[in-house]
Amino acid sequence: MRGTKPDHTRGTDRRTVQRPADTASSGVAPQPRPAEVARWLAGRQWPVHPLAPGRKTPAANCEQCRVRSHEPSRCPCHEQGLWCHGFHSATTDLARIDAWWSREPRAGVGVSCGPAHLVVLDIDAHAAQVPDRDRLLPGIPIPEQVNLSGLASGFDTLALLAAYRREPDPAEDETTLRVRTPSGGLHIWYVNSEPTVRYRSSTGSSPRTALAWQVDVRAHGGYIVAPTTRTSAGLYTPLGAVREPAPLPAWLSAELRRTGHVIQTSPVPGPRPARRAPVPRAGAAQALVRSLIETVRECAASAEGTGFTEKLNRAAYTAGGLAGAGHLNQAEARQELAEAAHYARPHQTRRNETIIDAALSAGASRPFHPKGLA
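Residues numbered from 1 in each chain as written. Predicted model: local features only at pLDDT ≥ 70, side-chain atom pairs only at ≥ 80, totals over all residues. Heavy atoms only, no water.

1. Considering the overall build of the chain
Rules: Each helix is a run of H or I in the DSSP string that is no shorter than four residues. Each strand is a run of E no shorter than two, and both are numbered from the N terminus. Burial classification: accessible surface area is computed with a 1.4 Å probe over protein chains only, and a residue below 20% of its type maximum counts as buried, one above 50% as exposed, and the rest as partly exposed. Note on contacts: a residue pair is in contact if any heavy atoms of the two residues lie within 4.5 Å. Using a 1.4 Å probe, accessible areas were evaluated by the Shrake-Rupley method; residue-level cover was limited to the displayed protein chains.
Each helix and strand in the chain was counted, giving nine helices and 11 strands. Put simply, the chain has 374 residues, and 51% of those count as buried. Taking all contacts inside the chain whose residues are at least 6 apart in sequence as the whole, residues at least 24 apart take part in 72%. Carbon together with sulfur atoms contributes 52% to the accessible area of the chain, which is approximately 17600 Å² in total.

2. Considering the state of the cysteines
Formally: Two cysteine sulfur atoms form a disulfide, by the criterion used here, when they sit within 2.5 Å.
The tally for this structure, following the rule as stated, stands at zero disulfides. Free cysteine: C62, not disulfide-bonded; nearest cysteine sulfur from C84 at 3.5 Å. In this structure C77 is a free cysteine whose sulfur lies 3.5 Å from that of C65, the closest cysteine sulfur available.

3. Brief notes about the nonpolar core
Proteins that are soluble and globular tend to have nonpolar side chains buried together. Operational definition: Side-chain atoms within 4.5 Å are what join buried Ala, Val, Leu, Ile, Met, Phe, Trp, Tyr and Cys residues into a set we call a nonpolar core.
Ranked by internal contacts, the top residues of the largest apolar core, which has 33 residues, are L121, I188, Y199 and L211. It is helix α4 (residues 154–164) that provides the largest number of residues to this core, a total of five residues. Each residue touching L121, except ones within four places of it in the same chain, is listed here: L158, P170, L186, H187, I188, Y190, L211, D216, V217 and L252. F87, L177, V179 and V225 belong to the second-largest nonpolar core, a separate cluster that totals 30 residues.

4. A word on the sheet that holds strand β7 (residues 223–225)
Put simply, the test is: Strand pairing is assigned whenever DSSP detects at least two bridges linking the two strands. To obtain an axis, a line is fitted to C-alpha atoms, over the contacting stretch when the element is a helix, and the angle between two such axes runs from 0 to 180 degrees between their N-to-C directions.
The antiparallel open sheet is built from three strands, whose spatial order is β1-β2-β7. Both outer strands of the open sheet, β1 (48–51) and β7, are each paired with one neighbouring strand and no more. Neighbour-to-neighbour, the strand axes of this sheet turn through a mean angle of 35°, independent of strand direction. Both β1 and strand β2 (residues 108–112) contribute to a ladder of four bridges, which runs antiparallel. By the bridge assignment for β2, L51 is matched with G108. Across the sheet, helix α1 (residues 34–43) lies against β1 and β2, angled at about 15° from β2, the strand it touches most. Packed onto the sheet, helix α3 (residues 94–103) meets β1 and β2 and runs at close to 5° relative to β1.

5. Things to note about the confidence of the model for the chain
Should pLDDT be low for a region, the predicted coordinates there are not to be read in detail. Here is the rule: Confidence scores per residue from the predictor, reported as pLDDT, run from 0 to 100.
Put simply, the chain has an average pLDDT of 81, and 82% of its residues get 70 or more. Confidence over residues 2–26 falls short of pLDDT 50; this stretch has 59 contacts with residues more than four positions distant or in other chains.

Structure, rendered in structure tokens:
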């Protein structure tokens, strides 16, 4: 196993490609302004939204959205042209984009992956404790005879996954857009050429919810930082000559299915045929979960340490139990939980989603038939 991260600057383009998202190889040409990048991306029908200046997180909500409780996807501010709730506000409307970046020219650019049909592999190279071998590739046991010495980051686990499938390493894929992150990681952009299949974003740092250890997925329910965006940590730098995402390889599509990254649109099977009135039951179950979700959302107006984690865990665990019993659609419940958690704690998205998925999974393992729904 390699002991160091591959050199992904190899093959960097020596020509200047005349597109706003490019980095001039001469080092003389200025970087495109964020507004130019946003307009170029929107021209490809990729919805964009502002990031806080110097950061990779969405720009702050308006004052009203900081104190009122509502679903981010249904926020009335969007109709008013405001950028509240991050990727939920993303747009391709050029007039709105011009207004946003005129208001804050330093804002970075985020791309809402789902509506753009983008699937981006997010490779981390952070220093971290390497987990046991049975947690490196979800669902794939790695025999003891496989030498893992030197394995240190997502570059290594993605290469290992590709080797297992006898496929090229995506980190070396020069046919698609790749972007080096300020922390030394890599974003590998692909486009989903089968829009009827919806891929979801990874839900946290847990290996069980990622494509591999330190390899997350950005798709529906998430956003990706646009190339040439600059943060306090550095620049998101496009590599090589390619500025277009290639179609998602079939083998990666299969891996995303295997690791649970496909959004199931079919409802969870209902109660046994002998039992009647599924709609009232579903309504009662949804009312129960939404009352718990509301307590999560109400944490937005409170300080840290006032029970947010406990409330989120309880709501997700209950939703998982109801879904396991056939009373709820788990994918829909998860989306509502994620929106409420993002509203309450917008700067800890990964932690929120880790809590949600762990609690949903635990709840689903113990189906819940509350009184009146059994």
